[in-house]
Amino acid sequence: MPPVSDDAGPVPLALKKPMKFADLGLSDELLAAVTAKGYDTPTPIQAQAIPSVLMMRDIIGVAQTGTGKTASFVLPMIDVLSHGRRRALMPRSLILEPTRELAAQVADEFTKYGVNHDLKMALLIGGVQMGDQVKALKDGVDVLIATPGRLMDLFERGKILLTGCDLLVIDEADRMLDMGFIPDIETICAKLPATRQTLLFSATMPPPIKKLADKFLSNPKYIEVARPASANLNIAQHKVMVSSSRAKRDVLIDLLREDDVTNAMIFCNRKTTVRDLAKALKQKGFSAGEIHGDMDQPARIAELDRFKAGTVTILCCSDVAARGIDVKGVSHVFNYDTPWHPDDYVHRIGRTGRAGATGKAFTLVAPEDAEAIANVEKLTGMQIPVYEIGGKSAKAEPAPTPREDKPARAAKPARAERAPRAAKPELEVVEAAPEPVTEASSRADRPKRDGTKPPKSEPRRAAQRAPVEEGDADVWNGPVPSFLGVSAL
Ligand code: ADP
Ligand code: MG
């Protein structure tokens, strides 16, 4: 009997043709806009979510940061919304984002992908004047992109009706949880028609998000994209041991001078540190900018634009202000402080090593960072090699154990730090607004990620939220997601 020829068997995975955007059922007008943006291959989450959204299914999409979740709802929404009519005060769809920056980024994608469609959008975020947005709402919008706090304000003042909203997106759900927005989201969900379509996206699925999904989604399609093989060695990580917090500034300056820094993001745990550091670096002749939660939206955007344009090459930032911001081609990430939430470490260092380029991440570890770095190493499952300034090779030194160096009480941020100041009053919207409200200022009792120490149980929770392991879901066939090239060199 002749042997069975090779080509009679299944197509080997490696030879499987990658899916194209054109295969997903999107309209020609939309495909033209996608092509104009320079994309032809959907990321795995896009390939799986888009056809289901078009079929009006509820979706739970779980995939790490940088995997293209935005287009996985923006694209099908544009086609879904291209049929139907706008009505005054009643947005047809609603996208909830945890921060102003992310909301603005999604709005941007809507504008770009929607160029060939007649869709109206409104952006409702804290820190920018609402006059135009309220006018847009009055005229009727197809898509409302909002942060939960601002939306609740407007709703409570009767400026908006959610009864005509047939499609809801809850984006970055785990961030919403971290920022204390789940009760607001529950309230908002209850105001939308029960028959609506709901899409929920998140990098992780901690239990409160599962509960939220169980309550507000109906028969959702669950899409999870696994972390791809850890073969992407494009971020070299180091930790630099420093004797005290006070010594960090000099060590950082040495690193900035010693290493081949083209442009860098420097993360601090506190807003005051961001401010002070940016000032100090400028005094030392570095071209530094800053972005943190106390700045209003236009100022943050302006600063970000300066960094993107290369006018400043160093950006000092806090986690919340920088979350989700997509700056390409950062050569270095410095953790001036080790982040208190270990998953922030992954988000921070993901700003470098993008698109095949090699990046470097340095974490300064003072005794008060010992517990935090131990949690990071537990989450990432590896010991970050120690780097010594002055060209000596990395020494395999163990990280200080948390017990030895209990963070001093003084390490806690001052109270004023924890409750961000309210933004400027919005002039045009509501005459009788009791107090100007930002996403966070009215919710000072909630846990916050910017300037607040996590509760004791946090490391355990964060460790449970570690991304799924490779091998238990899909093969990665799209662009390499930015943050996933995590490795020690
Ligand atoms: P996430 O929400 O999962 O963190 P984003 O939607 O913000 O990720 O996308 C991350 C980056 O990937 C953005 O710069 C985006 O423009 C880019 N991107 C998205 N889809 C594709 C694609 N199909 N091909 C190439 N790049 C893409
Ligand atoms: Mg996103």
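Computed from a predicted model, the values in this text were never measured in an experiment.

Focus: the packing of aromatic side chains
Throughout the structure, instances matching the rule amount to 3 aromatic pairs. For the pair Phe73 and Phe201, a centre-to-centre distance of 5.2 Å together with 40° between the ring planes defines the contact as tilted. Of this pair, Phe73 sits in helix H3 (residues 69-81) while Phe201 sits in strand E6 (residues 197-202), and the two are 128 residues apart along the sequence. Exposure class is identical for Phe73 and Phe201. Each is buried. Taken together, a centroid distance of 5.6 Å and an interplanar angle of 15° make the contact between Phe334 and Phe362 stacked.

Comments concerning the pattern of salt bridges
Side-chain pairs of opposite charge can arise whenever the charged atoms involved come near each other. Counted under the stated rule, the structure contains 19 salt bridges. Among the ionic pairs, Lys135 bridges to Asp139, the shortest N-O distance being 3.1 Å. Taken together, the residues Lys135 and Asp139, both in helix H5 (residues 131-139) and 4 residues apart, mark about one turn of the helix. Asp139 carries the same exposure label as Lys135, and that label is exposed. A salt bridge links Asp337 to Lys248; its shortest N-O distance comes to 2.9 Å. Of this pair, Asp337 sits in the loop between strand E12 (332-335) and helix H14 (342-349) while Lys248 sits in helix H10 (residues 248-258), and the two are 89 residues apart along the sequence. The same class applies to Asp337 and to Lys248, which are both buried.

Examining the sheet that holds strand E2 (residues 93-96)
Two strands in a sheet stick together by hydrogen bonds in their backbones, pointing the same way (parallel) or opposite ways (antiparallel). Taken in spatial order, the 7 strands line up as E3-E4-E2-E5-E6-E1-E7 in an open sheet, and their pairing is parallel. This sheet does not close on itself; its edge strands, each paired only once, are strand E3 (121-124) and strand E7 (221-224). When the angles between neighbouring strand axes are averaged without regard to direction, this sheet yields 10°. Both E2 and strand E5 (residues 167-170) contribute to a ladder of 4 bridges, which runs parallel. Across the sheet, the residue bridging to Ile95 is Val169, located in E5.

Topic: the nonpolar core
Core analysis: the largest hydrophobic core is formed by 39 residues, its most contacted members being Leu94, Leu144, Leu151, Ile185 and Leu200. Beyond its immediate sequence surroundings of up to four residues, Ile185 is in contact with Leu96, Pro148, Ile170, Met176 and Leu212. Residues Phe21, Phe73, Ile78 and Ala103 belong to the second largest nonpolar core, which totals 36 residues.

Side note on the state of the cysteines
Tallied over the full model, the rule gives 0 disulfides. Looking at the unpaired Cys268, the closest cysteine sulfur is the one in Cys316, lying at 5.9 Å. Taking relative accessible area as the criterion, Cys268 reaches 0% and is therefore assigned buried. Free cysteine Cys317: the closest other cysteine sulfur is in Cys316, separated by 7.3 Å.

Description of the packing of H3 against helix H4 (residues 100-113)
Where H3 contacts H4, the axes come no closer than 10 Å and their chain directions differ by 45°. When the axis of H3 is compared with that of H4, the two are oblique. The way H3 lies across H4 gives a crossing that is right-handed. Side by side, H3 and H4 meet where Thr70, Ala71, Phe73, Val74, Leu75, Met77 and Ile78 of the first sit next to Val106, Glu109, Phe110 and Tyr113 of the second. When the residues that make up the contact of H3 with H4 are grouped by side-chain class, the tally is 9 nonpolar, 1 polar and 1 charged.

Observations regarding the confidence of the model for the chain
Per-residue confidence for the chain gives a mean pLDDT of 76, with 72% of residues at or over 70. Taken together, the stretch residues 1-15 has pLDDT below 50 and engages in 2 contacts with residues farther than four places along the chain or on a different chain. With pLDDT under 50 throughout, residues 228-232 is counted as low confidence; its partners more than four residues away or in other chains account for 9 contacts.

What to know about helix H6 (residues 148-156)
For H6, the tally of buried residues reaches 7 of 9 residues, placing the bulk of the element in the interior. Of all the residues in H6, the buried ones are Pro148, Gly149, Arg150, Leu151, Met152, Asp153 and Leu154. Against the buried residues of H6 lie E2, E3, H5, strand E4 (143-146), helix H7 (173-178) and helix H8 (182-191). Downstream of H6 by a residue or two, Gly158 has a phi angle that is positive, lying close to 70°.

Some words on the pairing of strand E1 (residues 59-62)
Taken residue by residue, a regular strand's side chains alternate between the two faces of the sheet. Alternating positions in E1 separate into two faces, Ile59 and Gly61 on one and Ile60 and Val62 on the other, with burial throughout. Pairing of E1 with E6 involves 4 bridges; the strand directions are parallel. Each residue of the ladder has a partner; that of Val62, found in E6, is Ser202. Sheet analysis places E1 next to E7, joined by 4 bridges and oriented parallel.

Details of the side chain of Lys69
By the element assignment, Lys69 lies in helix H3. Of note is the side chain of Lys69, whose polar atom sits 3.0 Å from the backbone oxygen of Gln64. Leave out the neighbours within four places in its chain, and Lys69 touches Ile45, Gly61, Ala63, Gln64, Phe201 and Ser202.

Parameters and conventions
- Residues numbered from 1 in each chain as written.
- Chains lettered and ligands numbered in written order.
- Predicted model: local features only at pLDDT ≥ 70, side-chain atom pairs only at ≥ 80, totals over all residues.
- Heavy atoms only, no water.
- Phe/Tyr/Trp six-rings, centres within 6.5 Å; stacked < 30°, edge-to-face > 60°.
- Helix = DSSP H or I, 4+ residues; strand = E, 2+ residues; numbered from the N terminus.
- Buried < 20%, exposed > 50% of the residue type's maximum accessible area, 1.4 Å probe, protein only.
- Salt bridge = Lys/Arg side-chain N within 4 Å of Asp/Glu carboxyl O.
- Pairing = 2+ DSSP bridges.
- Axes fitted to C-alpha atoms, helices over the stretch in contact; angles between N-to-C directions.
- Core = buried A, V, L, I, M, F, W, Y, C linked by side-chain atoms within 4.5 Å.
- Contact = heavy atoms within 4.5 Å.
- Disulfide = S-S within 2.5 Å.
- Parallel < 35°, antiparallel > 145°, perpendicular 65-115°, else oblique.
- Left-handed = near helix turned anticlockwise from the far one by under 90°.
- Nonpolar A, V, L, I, M, F, W, Y, C, P; charged D, E, K, R; others polar.
- pLDDT = per-residue confidence, 0-100.
- Polar contact = N/O pair within 3.5 Å; in protein donor to acceptor, adjacent residues only side chain to side chain.

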